[in-house]
Amino acid sequence: MTRKTLLAALLLAALPGAAAAEGFTWSATAASDYLYRGIDQNDDQPALQFGAGYGFAGGLYVGAWGSNVDFGDGSTDTEIDTYVGWAGDLSEGTSLDVQLVRYNYLNEPSGTDYAYNELVGKLGFAENYTLTVGYTNDYFNAEEDSFYYNLAGSWEFAEHYTFSAGLGYTTATGPIENFLDYSVGVSRAFGPATIGLSYVGTDDNAEDNFGPDLAEDKFLLTVGFGG
């Protein structure tokens with residue numbers, strides 16, 4: 001498999017945020033790079049990301065999320081994810097969010113189609129923790145099965161500060177080796193804005209799959225707004 005093919009197979013879209021609250025929601029983020037599941041999506045360049053969704057009574061929601069990307073193929077430059085889902089409380093302190101995501105890419109090279117679907121479930125528990133499981137049977141439109149598992153937590157400390165950490169694991173059939181990703185970060189709210197700084201990394205298998213440039217550990221700075 002060529003490096004370009006590996007790059008295309010890896011560059012997954014960022015999982016869109018669920019619009020669980022009833023009514024219209026939106027988000028806008030400026031980031032120092034676009035990292036997804038530990039892998040660089042934008043060739044070490046800044047990214048602008050926007051999302052919008054609508055939540056209905058009963059927990060159903062729909063929405064879309066987008067970002068600029070650079071896959072190194074000379075043309076693909078935009079990712080737009082569309083999603084539909086349901087979110088609600090299972091019991092006190094336990095919540096469930098299930099969504100079907102369609103990852104779409106604009107200006108792909110002629111004869112190339114990266115788009116695919118993923119079913120994602122998120123279980124929130126013990127106030128601070130989230131377990132995420134994602135599954136696709138068409139990993140990057142390559143007819144390969146892939147699972148993604150992630151355990152994450154966030155904890156408020158001091159005033160307006162939040163510490164977060166997560167550990168993820170990607171499995172895939174075909175030539176791609178299973179690999180780990182991890183992140184730790186701190187964020188602070190400043191009125192309508194939230195500024196975050198995180199450290200994101202992967203294991204050696206990710207570097208073997210996609211090369212050290214795409215899978216290298218790095219700091220990620222984000223400034224986000226939402227409503």
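Colleague: Would you mind showing me how to read the environment of Ser27 here?
Modeller: Take Ser27: it is sitting in strand 1 (residues 23-31). A relative accessible area of 28% means that Ser27 is categorised as partly exposed. In the structure, Ser27 is positioned 38 residues away from Trp65 in sequence and 8.7 Å away in space, judged by C-alpha atoms. In this structure Ser27 touches Gln49, Phe50, Gly51, Phe225 and Gly226, once residues within four positions along its chain are discounted.

Colleague: Looking at this model, I keep getting lost on the pairing of strand 1. Mind explaining?
Modeller: A regular strand places its side chains on the two faces of the sheet in alternate fashion. The sheet contact formed by strand 1 and strand 4 (residues 47-55) spans nine bridges and is antiparallel. By the bridge assignment for strand 4, Ser27 is matched with Gly51. In this structure, strand 1 lies alongside strand 14 (residues 218-226), joined through five bridges in antiparallel fashion. Bridge pairing links Ala30 to Val223 in strand 14.

Colleague: Looking at this model, I keep getting lost on the packing of aromatic side chains. Mind explaining?
Modeller: Here the structure, examined in full by the defined rule, presents 15 aromatic pairs. Between Phe71 and Tyr114 the ring centres are 5.6 Å apart and the planes differ by 50 degrees, which places this aromatic pair in the tilted class. On the criterion of sequence distance, the pair formed by Phe71 in the loop between strand 5 (60-68) and strand 6 (78-91) and Tyr114 in the loop between strand 7 (94-106) and strand 8 (116-125) is long-range, its members being 43 residues apart. Each of the two residues, Phe71 as well as Tyr114, counts as buried.

Colleague: Please clarify how a negative patch on the surface should be interpreted in this entry.
Modeller: On the surface, Asp43, Asp70, Asp77 and Asp213 cluster together into a negatively charged patch. Positionally, Asp213 belongs in helix 3 (residues 212-215).

Colleague: Explanation requested: the pattern of salt bridges in the structure shown.
Modeller: Opposite charge on two side chains permits them to pair, given that their charged atoms come into close proximity. Using the criterion set out here, one finds five salt bridges in the structure. Note that Lys218 is salt-bridged to Asp33, the shortest N-O span being 3.0 Å. In this pair, Lys218 is assigned in strand 14 and Asp33 in the loop between strand 1 and strand 2 (35-36), connecting sequence segments 185 residues apart. Between Glu216 and Lys218 there is a salt bridge, and its shortest N-O distance comes to 3.9 Å.

Colleague: Got a minute to help me understand the nonpolar core in this structure?
Modeller: Nonpolar side chains tend toward joint burial in soluble globular proteins. In terms of nonpolar packing, the biggest core is built from 16 residues, with Tyr34, Phe71, Tyr103, Tyr105 and Phe140 touching the most fellow members. Within the residue set of this core, elements represented by two or more residues are strand 5, strand 6, strand 7 and strand 8. It is strand 7 that contributes the most residues to this core, three residues altogether. With nine residues, the next largest nonpolar core counts Ile39, Ala172, Ala206 and Ala215 among its residues.

Colleague: What should I look at first to understand the sheet that holds strand 10 (residues 146-157) in this one?
Modeller: Here 12 strands make up a closed barrel; going around it, the order is 1-4-5-6-7-8-9-10-11-12-13-14 and the pairing antiparallel. Neighbour to neighbour, the strand axes of the sheet diverge by 20 degrees on average, direction disregarded. Bridge analysis of strand 13 (residues 193-202) against strand 14 gives eight bridges, and the strand direction is antiparallel. By the bridge assignment for strand 14, Leu197 is matched with Leu221.

Cut-offs applied
- Residues numbered from 1 in each chain as written.
- Predicted model: local features only at pLDDT ≥ 70, side-chain atom pairs only at ≥ 80, totals over all residues.
- Heavy atoms only, no water.
- Helix = DSSP H or I, 4+ residues; strand = E, 2+ residues; numbered from the N terminus.
- Buried < 20%, exposed > 50% of the residue type's maximum accessible area, 1.4 Å probe, protein only.
- Contact = heavy atoms within 4.5 Å.
- Pairing = 2+ DSSP bridges.
- Phe/Tyr/Trp six-rings, centres within 6.5 Å; stacked < 30°, edge-to-face > 60°.
- Patch = residues over 30% accessible without salt bridge, like charges linked within 9 Å, V, L, I, M, F, W, Y side chains within 5 Å.
- Areas by Shrake-Rupley, 256 points an atom, 1.4 Å probe, with all protein chains shown as cover.
- Salt bridge = Lys/Arg side-chain N within 4 Å of Asp/Glu carboxyl O.
- Lys, Arg positive; Asp, Glu negative; His and termini not counted.
- Charge placed at Lys NZ, Arg CZ, Asp CG, Glu CD.
- Core = buried A, V, L, I, M, F, W, Y, C linked by side-chain atoms within 4.5 Å.
- Axes fitted to C-alpha atoms, helices over the stretch in contact; angles between N-to-C directions.

Don't take any of this as a statement about function, it's just geometry.
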